[in-house]
Amino acid sequence: MPGRAAVRRRFRVPDIRAQATRFASTVQLRWVHNARLMSFRNAIFAGGGSRCFWQLGFWEGAKEAGLDLQGSVKFVGSTSAGCAMASAAVLNRSHDALALFKDLTAKNRKNIHWHNISPFKAGALLPHASMYREALARFIGPEDFERIRGTSVHFLMSGYPAWLSGAMGAAMALCIYGLEKTLRRDPLHPKWPARAGFKPLIGRAADCRTAEEYIDMVLAASCVPPVLPEGRFGDRNVLDGGLIENIPVRLADDEPGETLVLLSRRYERVLPWSTRITWVQPSAPIKIDKFDYANPGGLQETFELGIADGKRFGRSRVRDPQVDGPAQ
């Protein structure tokens, strides 16, 4: 596991302007000349709540088009809800994950249970945390956990500054994050939470001893109070890693090979581009809200958009012997 100094160096935000000369979109397929001959060793799943089901659809669509992500990807990094999607992708169970969460959300009529606001009611006002944990517990069994451990899976969390924690720390983190998002026009790489003292913490599936520990780590990487209460990683209280880096592409900095970065929404800005990293995003705005846990139809629509985008992308990447000639 990397030391603190290495983690800080890895998440020092670079100037991406030199890279942002080309743009890879799932609709405007403008790739480098030899991109169709490449395979991806690494995959990064951005955070984004329910919108992240686009990523699973994309993963399945690309595979259906012949792009062997299941066989080629050896390293997976993520944060927030992308951690659950990364887990499903590694297990090759995207359709199972969609069916399970659609079942749970179909039984949840509203995202806020106002009847539980009474102190005499035992239920939660916000059902998200219990639904998320139930979904993970039903989805990841001991055998699934062992399969996940067979792939290098890393998740990003945000640690509190030494001088601040608890509800006040969470509120400050969210305020800083939201203010930067507004004033810096939705940056790909947030800077202000790190400058305020929030620190990146990296958890590895290989360090978890049981499926329960792994599920706790997924939840810890997804904590956005009050919707998803703060979690614990080791002996520390932590928050959603997206406060530090919602698209934790630098988790793969030390990994060899090409990296596929799966976003969970469209960005107005031009995305970075390099010969080693390919970014993909939805071809249309995703309608479901990231905290919508009562919309199974929206989940299905998001997944289907991902499948269509993934198929289009996969076809652009798979060698056609009749067109490209035999492999060299």
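Model, not experiment: these values are computed from the prediction.

What counts and what doesn't
Residues numbered from 1 in each chain as written. Predicted model: local features only at pLDDT ≥ 70, side-chain atom pairs only at ≥ 80, totals over all residues. Heavy atoms only, no water. pLDDT = per-residue confidence, 0-100. Contact = heavy atoms within 4.5 Å. Helix = DSSP H or I, 4+ residues; strand = E, 2+ residues; numbered from the N terminus. Expected span 1.5 Å × (residues − 1). Buried < 20%, exposed > 50% of the residue type's maximum accessible area, 1.4 Å probe, protein only. Arc of directions from axis to C-beta. Salt bridge = Lys/Arg side-chain N within 4 Å of Asp/Glu carboxyl O.

Colleague: What is the right way to look at the confidence of the model for the protein chain in this model?
Modeller: In regions of low pLDDT, the predicted coordinates are not meant to be interpreted in detail. Here the protein chain averages 85 in pLDDT, and 85% of its residues register 70 or above. Within the model, pLDDT remains below 50 along residues 12-36, and this stretch shows 58 contacts once partners closer than five positions in the same chain are excluded. Ignoring residues within four places in sequence, the model shows residues 321-328, a span with pLDDT below 50, making 6 contacts including any to other chains.

Colleague: Please explain helix H5 (residues 94-106) as it appears in this structure.
Modeller: One turn of the α-helix equals 3.6 residues, which is why residues spaced by three or four share an orientation. Taking 1.5 Å as the rise per residue, H5 with 13 residues should run 18 Å; its terminal C-alpha atoms sit 18 Å apart, in good agreement. When we look at burial in H5, the residues that qualify are Ser94, Ala97, Leu98, Leu100, Phe101, Leu104 and Thr105. Buried residues of H5, viewed axially, fall in a sector of 165°; they line one side. Residues of H5 that are buried in the fold lie against helix H2 (53-64), helix H4 (82-90), helix H6 (128-139) and helix H12 (296-317).

Colleague: Help me understand the pattern of salt bridges, please; the structure alone is not making it clear to me.
Modeller: A side chain of one charge can pair with a side chain of the opposite charge if their charged atoms are brought near each other. Within the structure shown, the criterion is met by 15 salt bridges. Residue Lys107 pairs with Asp103 through a salt bridge whose shortest N-O separation is 3.3 Å. On the basis of relative accessibility, which here comes to 62%, the residue Lys107 falls in the exposed class. Between Asp309 and Arg312 there is a salt bridge whose closest N-O contact spans 3.1 Å. Residue Asp309 and its partner Arg312 are located together in helix H12, separated by 3 residues, close to a single helical turn. When salt bridges that share partners are traced, they join Asp103, Lys107, Glu134 and Arg138 into one network.

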